[in-house]
Amino acid sequence: MLVATTVAACGGQDGSAPKAPATIPELTKDPLTLSFIWFDWPPAHALEAFANAEYTKGRPNVTIKVKTVPNANWHDAMFTQFAAHKTDFDIPILDSQHIGEAVTNGNILDITDFVKKNIDVKAYNPYLLAAYGQFPQAETGKRDENASLYGLPLLGDTWTMIYRKDLIGDKPPQTWDQMISVAEKCQADNPGVSGLAFHQANGSDAAAVTYNTVNGVYGGNLWDPKTRKIDGVLNDAAGQEAMDVLVNKMKPLTAKGSGNWFIDEVNAAVAQGKACIAFNWIAASGGLLDPKQSTLGTTREQILDKLGFATLPSQKTNLVPLGGMGMHVSAYAPEANQAEALNFMKWFEQGDIQKKWAAAGGVPSRTDALESPEFLNAQPFNQVYTDSVPRMRDMWNVPEYARLVDIENTNVNAALNGAKAPKDALDDIAKQQQGVLNASSGKGGGGL
Amino acid sequence: MSDSAPLTTDHPGQAASATPPAPGRSRRLSDRGLAVAFTSPALLLLLAMSVFPLLWALYLSFTDYSATRGGPAQFLWFENYTAILTSPQVHQRALTTLIYVVGAVALQTVLGFAIAYLISRRTHGRGLLTTLFLVPMMLSPVVVGLFWRFMLDAQFGVINSMLGSLGLGQVEWLTRQRTALISLILVDTWQWTPFIMLIALAGLTAVPKYLYEAASIDRASEWFQFRTITLPLVWPLLLIAVLFRAIEAFRLFDLVYILTSGGPGVSTETLSFHVYKVAFLGFNTGTASAYGILMVLIVIVLTQLYLRYLNKLKED
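Residues numbered from 1 in each chain as written. Chains lettered and ligands numbered in written order. Predicted model: local features only at pLDDT ≥ 70, side-chain atom pairs only at ≥ 80, totals over all residues. Heavy atoms only, no water.

- The name recorded for chain B in an unreviewed UniProt entry is Multiple sugar transport system permease protein, from Nonomuraea angiospora.
- Regarding chain B, the relevant UniProt record gives this comment under Sequence similarities (unreviewed entry): "Belongs to the binding-protein-dependent transport system permease family."
- Listed in UniProt under the heading Subcellular location (unreviewed entry), the comment for chain B reads: "Cell membrane". (UniProt positions renumbered as here; feature names shortened; annotations may be inferred.)

- The name given to chain A in an unreviewed UniProt entry is Multiple sugar transport system substrate-binding protein, with Nonomuraea angiospora as the source organism.

This is the structure in structure tokens:
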């Protein structure tokens, strides 16, 4: 740690995001490797294969490399390099909430002028464009056309409800309460199969997204972005009801020992026929239809006879979590690589390429691609994404995101695993997160 | 060499001084010069990789510096240290670490010594047994963590499967507050008991045989021999092994990271894991540096006290 601290501390910076040119500079003809950094999951491998097959048709001297790290190390892998002012990647794929931290510290390029000149912004759902690229970003609502852009959509995502048609019927539950009672009955009728499976781990943003989702459908708010108030907002009556539903109604319907489950564990439970209803990120659901990984059937069709995919049930509201990521340009990449990165972005965001990306397993953000047969027919859960886009809600897109999400993760995980009373956990989240936001008005220091 | 050159001389020093160095050749290095030449690369590496970062971290620990937010660091004097020493969160992690260190090291010492004692009494297969027992120690902690994560999985793990076949219920090893910390202690014990065993075995082998022979002639019981000969002679060596293990256990990070991520909640979050979060989640570099320095100081002070006790034991 001492060495890392020293490397990080030895760099200097001015704290503002450098601007990318409006026009793509002349591209090199020499061999060049364009490097991305992402976490290790199927879309990362799909992107590398897709880009090497398609982008290199026009740029044969370029090789695309998607470097992957475990999900839990993703933030650290990018930001420790940013801190050292030297990156071994050109295009960091940042979670929407990471943008604030990267922009404030001058780690990624301001691509506002480039976007104006090269990208058809009207082709996108404005909220998606804002979520994956704009800063400061409104928590919900539409894109501010005067705000700066620092990224463009790479992969859209949200949660899908995965349900066992053979156990609960073809019609998915429409409300959250209904979903809980259906899961309860299914669990009682099918010994060895748990009613629900969802993310509960205290790593990454697993448990936090689960709470945020329930908080959203029960009418709660994560904060008041205008006043930067969390304490009193998150833990209001709606927030407490959401925590009560999550811990006292949903948790008893999960498998014993599932308190550290995340994407892979939920998929495993579904594939092994151990869950009636599950929630997972759409972009991570492809493996569920692979007969080699599933006990639900020996063919994709057999599996699809048993599995259904639906948008999340609503309750007091119909909000769903925003997932997915945008692509950005490292401020520390060599100039030739930055130029190539801009060229790649321009190429990638074209309508026909977005449709090809959709067919290759990606989740696009352009409206024409989202509604195209290439996307809707590619996977049985793609329609869920298209239907969910108008219902999305993101978290706090602020530089303090990493600490805020850690506070929420650890406390929700504690409540789900009986280490803390639900109300205490929620109050602690609100109090500690408020402390982080309040302290961040000063520079450095603190952080315990 | 010319024929006229003497092969030997009674006064080598004079001969050396009388013969001027050949043109174009460097002067011979003295012993001291050679020593400096050979050690300086290692010394420079040590300075660059250990001493400089330590001093730099010491400087940063008095500031509000953040590696990512940048800008000039403001001097805070002892504010970071005060915040850490008075933080209830740090106290909680310190207690967790203490329970872990005491639990793991005590268990490893008892088991390690017992295994070593049993092995030392065997005449055949001692080498093979020792080698087999050493295998866990040779594995990377990350591999051990992943291996045990699968073993301890409540749904699909081998341990629960075995418990099930014995008619016992499922245990949530990694997701319940008490069992999660116990699981960490057990996994660490699995990996590091061989270390204590190895040291204890060395001590047991070094006990002079004639002491036992004399005790046998006096018809001393096995227990008496163990209590008055074996234990007192092996004890100082065992305490050194305990010291090494305690220092290692105090800075436990990898097993926590892989097995529990500090959970459930923060109930298995050790001091090292917490300082990692402070350093890399919020990039509060100044605070993290102070935290690291305090941890080093604690280890140094406790080690000094322990070594004094060991010296006293030796004198007695």
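Now that the structure is up, let's keep going.
### Brief notes about the UniProt feature "transmembrane region" (unreviewed entry) in chain B
Argument step 1. In the numbering adopted here, UniProt assigns the feature "transmembrane region" (unreviewed entry) to residues 34-59, 98-120, 127-148, 181-204, 224-244 and 288-307 of chain B.
Argument step 2. Between the C-alpha atoms that bound residues 98-120 of chain B the distance is 32 Å, and the span itself is 100% helix and 0% strand. (Helix = DSSP H or I, 4+ residues; strand = E, 2+ residues; numbered from the N terminus.)

### Notes on the environment of Val69 of chain A
Residues and elements named next belong to chain A.
Argument step 1. Positionally, Val69 belongs in strand β2 (residues 62-69).
Argument step 2. Along the backbone, Val69 and Ala359 are 290 residues apart, and their C-alpha atoms lie at a distance of 25 Å.
Argument step 3. Ignoring any residue separated from it by four or fewer positions in sequence, one finds Val69 in contact with Trp38, Phe39, Asp40, Trp74 and Ala77. (Contact = heavy atoms within 4.5 Å.)

### So, the interface of chain A and chain B
Argument step 1. Across the boundary between the two partners, chain A contributes 44 residues, which contact 56 residues of chain B.
Argument step 2. At the boundary of chain A with chain B, total buried surface from both sides reaches about 4,100 Å², with 56% on carbon and sulfur atoms.
Argument step 3. Counting across the interface, chain A meets chain B through two salt bridges.
Argument step 4. Counting the contacts that link chain A with chain B gives 10 residue pairs in polar contact (both at pLDDT 80 or more).
Argument step 5. Elements with a minimum of two residues in the side of chain A that touches chain B: α1 (2-10), α3 (74-84) and α18 (401-416) of chain A.
Argument step 6. A total of seven residues in the side of chain A that touches chain B trace back to one element, the largest contributor, which is α1 of chain A.
Argument step 7. For the side of chain A that touches chain B, the per-class residue count stands at 15 nonpolar, 22 polar and seven charged. (Buried area = accessible area lost by both parts, 1.4 Å probe. Salt bridge = Lys/Arg side-chain N within 4 Å of Asp/Glu carboxyl O. Polar contact = N/O pair within 3.5 Å; in protein donor to acceptor, adjacent residues only side chain to side chain. Nonpolar A, V, L, I, M, F, W, Y, C, P; charged D, E, K, R; others polar.)

### A look at the packing of aromatic side chains
Residues and elements named next belong to chain B.
Argument step 1. Summed over the entire model, instances satisfying the criterion amount to 46 aromatic pairs over all chains.
Argument step 2. The interplanar angle of 75° and the centroid separation of 5.1 Å between the aromatic rings of Tyr117 and Phe226 together place this pair among those described as edge-to-face. Here Phe226 lies in helix α10 (residues 222-250) and Tyr117 lies in helix α4 (residues 88-120), a separation of 109 residues in the sequence. For the pair shown, Tyr117 and Phe226 are each scored as buried.
Argument step 3. For the ring pair Phe147 and Trp148, a centre distance of 5.7 Å and an interplane angle of 80° mean the geometry is edge-to-face.
Argument step 4. Taking relative accessible area as the criterion, Trp148 reaches 13% and is therefore assigned buried.
Argument step 5. Through pairs of rings, three or more aromatic residues link up here, namely Phe52, Trp56, Tyr59, Phe62, Phe75, Trp77, Phe78 and Tyr81. (Phe/Tyr/Trp six-rings, centres within 6.5 Å; stacked < 30°, edge-to-face > 60°. Buried < 20%, exposed > 50% of the residue type's maximum accessible area, 1.4 Å probe, protein only.)

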